[in-house]
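Fold and contact review
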Amino acid sequence: MVDVTIVGSGIAGLFVSLRCARAGYQVALVTKKQLTDSSTNWAQGGIAGILDSSDEEAVQAHVLDTLAAGDGLCDERIANIVASEAAYRIADLITEGVQFDQDQEGEYDLAMEGGHQRRRILHTRDATGAEIERALIQGCRSEPRITIHEDCLALDLILEDRHAEERRIVGLWCLGSDDQPFTLPSRAVLLATGGAGQLFRQTTNPTVATGDGIAMAVRAGASVRDLEFVQFHPTALALAGDRPFLITEALRGDGAVLMTEEEHRRWTQTDRTVPPATLSFMLKHHANGSLATRDIVARACDSEMKRSGDAHVLLVTEHLDGEELAERFPTIAQRLQRHGLELGRDPLPVAPAAHYLVGGLAVNEWGEVWQRDMAADDPTNTSRLGNVLAGLYAIGEISCTGLHGANRLASNSLLEAVVFSHRAGERVLEALSEEPEPPQVDLPDWRVDGLTDLEEHAPLVHDRAQLRSTMSDDVGLVKRDARLRRATRRLDLLSEEVERIWLRCRPTVELVELRNMVLLARLVTVASLARRENVGLHHNLDLA
Ligand code: SIN
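Heads up: these notes are all about the structure in this document.

Counting its secondary structure elements, the protein contains 16 helices and 19 strands. For a compact globule of 544 residues, the expected C-alpha radius of gyration is about 24 Å, and the protein comes in at 23 Å, within 12% of that figure. Its C-alpha atoms put the protein at 75 × 55 × 40 Å along the principal axes. When each of the 544 residues of the protein is scored for burial, the buried share is 58%. As presented, the protein carries roughly 21500 Å² of accessible surface, and 47% of it is formed by carbon and sulfur atoms. Across the protein, the mean location of the 56 positive side-chain charges is 5 Å away from that of the 83 negative side-chain charges.

Our next topic: the packing of aromatic side chains. One pass over the full model with this rule turns up 4 aromatic pairs. Between Phe-100 and Tyr-108, the aromatic rings sit 6.5 Å apart at their centres with planes inclined by 80 degrees, giving edge-to-face as the arrangement. Tyr-108 sits in the partly exposed class, given a relative accessible area of 25%. On the numbers, 5.4 Å between centres and 75 degrees between planes, the contact of Phe-200 with Phe-232 is edge-to-face. With Phe-200 in the loop between strand S9 (181–191) and helix H6 (212–219) and Phe-232 in strand S11 (residues 230–237), this residue pair connects regions lying 32 residues apart in the sequence. According to the relative accessible area criterion, Phe-232 is buried, its value standing at 8%. Ring pairs connect the aromatic residues Trp-173, Trp-446 and Trp-502, which therefore count as one cluster. It is Arg-423 that lies over the ring of Trp-366; its NZ or CZ is 4.2 Å from the centre.

Another point: the environment of Gln-337. Following the sequence through the fold, Gln-337 ends up in helix H12 (residues 330–337). Residue class for Gln-337 comes out exposed when judged on its relative accessible area of 60%. Taking the C-alpha atoms as reference points, Gln-337 and Ala-431, 94 residues apart in sequence, are found 52 Å from one another.

Time to look at the nonpolar core. Counting 69 residues, the largest nonpolar core has Leu-157, Leu-191, Leu-199, Leu-361, Leu-392, Leu-467 and Met-471 as the members making the most contacts within it. Here this core takes 10 residues from helix H16 (residues 509–530), the largest share from any one element. One finds Val-63, Ile-81, Ile-395 and Ala-424 within the second-largest nonpolar core, a separate group that totals 55 residues.

Our focus in this paragraph is the site of the ligand. Neighbouring the ligand are Gly-45, Glu-113, His-233, Thr-248, Glu-249, Arg-294, His-355, Arg-408, Ala-410 and Ser-411. The separation between an oxygen atom of the ligand and a polar side-chain atom of Arg-294 is 3.0 Å. The protein chains hide 94% of the 260 Å² of surface that the ligand would expose on its own. Partitioning the shell around the ligand into residue classes produces 1 nonpolar, 5 polar and 4 charged.

Before going further, it helps to spend a moment on the sheet that holds strand S5 (residues 121–122). Spatially, S3-S5-S4 is the arrangement adopted by the 3 strands of the open sheet, whose pairing is antiparallel. On the outer flanks of this sheet lie strand S3 (47–48) and strand S4 (110–111), each paired with one strand and no other. Pairing analysis gives 2 bridges linking S3 to S5, with the strands arranged antiparallel. Along S5, the bridge assignment pairs Ala-48 with Ile-121.

In this section: helix H10 (residues 294–308). Residues spaced three or four apart along an α-helix face the same direction, because each turn holds 3.6 residues. An ideal rise of 1.5 Å per residue puts 21 Å on 15 residues; H10 measures up with 21 Å between its terminal C-alpha atoms. Arg-294, Asp-295, Val-297, Ala-298, Arg-299, Ala-300, Cys-301, Asp-302, Glu-304 and Met-305 are the residues of H10 that are buried. Check the buried side of H10 and you find it contacts S11, helix H7 (249–253), strand S13 (257–259), helix H9 (282–285), strand S14 (313–316) and strand S15 (348–357). Once H10 ends, the next one or two residues include Gly-309, with phi positive near 80 degrees.

A positive phi angle, near 50 degrees, is found at Asp-151, a position not held by glycine. Relative to the helices and strands, Asp-151 is located in the loop between strand S6 (146–149) and strand S7 (153–159). For Asp-226, which is not glycine, the phi torsion reads 60 degrees and is therefore positive.

Attention now goes to a negative patch on the surface. On the surface, a cluster of negative charge is contributed by Asp-321, Glu-323, Glu-324 and Glu-327. Residue position: Asp-321 is located in the loop between S14 and helix H11 (322–328).

Our focus in this paragraph is helix H4 (residues 76–95). Its 20 residues place the ends of H4 29 Å apart at the C-alpha level, agreeing with the 28 Å of an ideal helix rising 1.5 Å per residue. The sharpest bend along H4 reaches about 50 degrees and sits at Ala-86. For H4, the full list of buried residues reads Ile-78, Ala-79, Ile-81, Val-82, Ala-83, Glu-85, Ala-86, Ala-87, Arg-89, Ile-90 and Leu-93. Where the residues of H4 are buried, they touch helix H1 (11–22), S3, helix H3 (56–69), S5, helix H5 (128–141) and helix H13 (413–434). Where H4 starts, the residue carrying a side-chain oxygen 3.1 Å from the main-chain nitrogen of Arg-77 turns out to be Asp-75. Trailing H4 by a residue or two, Gly-97 shows a phi angle of about 105 degrees, which is positive.

Right, let's get into the sheet that holds strand S16 (residues 360–362). Taken in spatial order, the 3 strands line up as S10-S16-S19 in an open sheet, and their pairing is mixed. Both edges of this open sheet fall to strand S10 (224–225) and strand S19 (399–400), since each of them pairs with a single strand only. Examined bridge by bridge, S16 and S19 share 2 bridges and lie parallel to one another. Its bridge partner lying in S19, Ala-362 is registered against Cys-400. In the packing of H6 onto the sheet, contacts are made with S10 and S16, and the angle to S16 comes to roughly 40 degrees.

Enumeration according to the criterion identifies 44 salt bridges in this entry. As a salt-bridge pair, Glu-85 and Arg-423 come within 2.5 Å of each other at their nearest N and O atoms. Of this pair, Glu-85 sits in helix H4 while Arg-423 sits in helix H13; the two residues are 338 residues apart in sequence, bridging distant segments of the chain. The shortest N-O distance in the salt bridge between Glu-435 and Arg-187 comes to 3.5 Å.

Cut-offs and rules
- Along each chain, residue indices are assigned from 1 in the same order as the chain's sequence is written.
- The predicted origin of the model limits local features to residues at a pLDDT of at least 70 and limits the giving and counting of side-chain atom pairs to 80 or more, whereas totals for whole chains, interfaces and linings rest on all residues.
- Hydrogens are left out, water is left out, and the side-chain values use all remaining heavy atoms of the structure.
- Runs of H or I in DSSP of at least four residues are treated as helices and runs of E of at least two as strands, each being numbered from the N terminus.
- This radius of gyration counts C-alpha atoms alone. The globule rule is 2.2 Å times how many residues there are, raised to the power 0.38.
- Here the term buried applies to any residue with accessible area under 20% of the maximum for its type, exposed to any over 50%, and partly exposed to those in between, with areas from a 1.4 Å probe on protein chains only.
- Each accessible area is a Shrake-Rupley estimate made with a 1.4 Å probe; only the visible protein chains count as cover when residues are assessed.
- Counted as positive: Lys and Arg. Counted as negative: Asp and Glu, with His and the chain ends omitted from the count.
- One atom stands in for each charge, and that atom is NZ of Lys, CZ of Arg, CG of Asp or CD of Glu.
- The pairing test for Phe, Tyr and Trp rings, Trp by its six-membered ring, is centres within 6.5 Å, and the orientation test on the planes gives stacked under 30 degrees, edge-to-face over 60, and tilted for anything in between.
- Charge-over-ring contacts are defined here by two conditions on Lys NZ or Arg CZ: a distance within 6 Å of the ring centre and an angle within 35 degrees of the ring normal.
- We call a set of buried residues a nonpolar core when its members are Ala, Val, Leu, Ile, Met, Phe, Trp, Tyr or Cys and they connect through side-chain atoms within 4.5 Å of each other.
- A single heavy atom is enough: if one lies within 4 Å of a molecule or strand, its residue is considered near that molecule or strand.
- Side-chain atoms alone can form a polar contact between residues adjacent in sequence; in general such a contact is a pair of N or O atoms within 3.5 Å, and within protein one must be able to donate a hydrogen while the other accepts it.
- The residue classification treats Ala, Val, Leu, Ile, Met, Phe, Trp, Tyr, Cys and Pro as nonpolar and Asp, Glu, Lys and Arg as charged. All others, Gly included, are polar.
- The criterion for strand pairing is that DSSP finds at least two bridges linking the strands in question.
- Residue count minus one, scaled by 1.5 Å, sets the expected span of a helix.
- Only heavy atoms enter the contact rule, under which two residues are in contact if any of them lie within 4.5 Å.
- For patches, a residue must show more than 30% relative accessible area and have no salt bridge; joins then use 9 Å for like charges and 5 Å for nonpolar side chains, namely Val, Leu, Ile, Met, Phe, Trp and Tyr.
- Any carboxyl oxygen of Asp or Glu within 4 Å of a side-chain nitrogen of Lys or Arg constitutes a salt bridge here.
- Given a residue, its bend is the angle between the two axes fitted to the seven residues that end at it and to the seven that start from it.
- For helices, the fitted line uses only the C-alpha atoms of the stretch in contact; every axis is such a line through C-alpha atoms, and the angle between N-to-C directions lies from 0 to 180 degrees.

In short, geometric facts, not functional conclusions.
Have a look at this one:
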């Protein structure tokens, strides 16, 4: 039996792995593909936070911007915890070797993004997540107490007693790199599997983001909250033949402006003598223009695209210094080069894409996962939370701490992940030290008897595409009751279909992912139907 199993290798999983291993515990770090296959690794913008924890005014300003972005639904206590612990956790990252950009005087260079009233985002050019991953992976690889399981898919959590009032997680079943299921007994399990952008056709997320951890925990009795709040990033590069590629909001923080094709034409006719921001459609939607919060900007882009019939809007940088931009945003510059585009010279076609799951597993302030009321058996009903699921923790995008409310403030997610990773780590270490002897357990093997090999994966590929179409068309940026009900019917059919295959076939990655995606898609749809007010990211035309 290992002491701690951590599933997922983004900032949350890696950070807590180091914490537990350095405290002397044996850690199994399980990740579906390679360690670098995580949303963190793709994060461009940065990590928001005040570096001087004694500067209470600055910390409070961060809290206020977080609450404003969250549209009245943030948990203020959690926002205070996260903003005031930022300095310590960012210092930890720096100690791990993360190099954030500094100016010539050696001061950290702070970026600006939508919804922030001042500059407070640390970054490493436009590849902040990759730099954090680099440093933390280096730490994990050199820590002998961490055993890394790559190409290893967590299948399901193991409960000590399925019928007990107080349920306890005692390990998990995984599908190893040899495609064989195996049992991993563990005294504590931390889920850090990230979000589920793959539920949608257009997403900025890597292919691993299929909501596996949420689905697994729900099957074990966990509750979820706020799943109706799916954040679409307004500016994903929209070019035929390429996946949506994130164009960081920090580019708008440095002056880039959103325009329609028509506005851009008008602007070029003025010989670019007027500031482009004054012609941008965004001013009709918010006084902060292209730097309004993400929910507002994404919906504004969507509505302009629907009005004009264009498949994108434009992100305009021609009024800015192209060389400076290329130096500050090298990842983006490189990607654009593939398409013959240049910052400072060409307008960039962009469109909203699913980016971040604001809701997730309902957790307390230590990352412990709330067990749902099994009598009602509705994972989205959090009105009667009783106990936590002992031995189970959720950290990072998979969890819903209440920090983000109805809409996440830009660059608050890496911060939340590292703060809660630390807090959950503290709780795990406390629990392990209270029980010095590992319990003797004899866990069952994964059910294999009578299962056959799946002969054809093609139907799964079709079902996955159908799920993504349903979610994009009926449960997307702008919702309607009838479309949500239609989605429910379609997802019910898909669910029946997948369960039929599941009951007779050995698990494969494709089958497990699809099963998890269907479960989560249904929960997002149920939560969307249940929310009867338009707030933050949830926008239903029948409620407007
Ligand atoms: C971005 O760089 O625009 C994304 C950062 C975030 O999602 O917070």
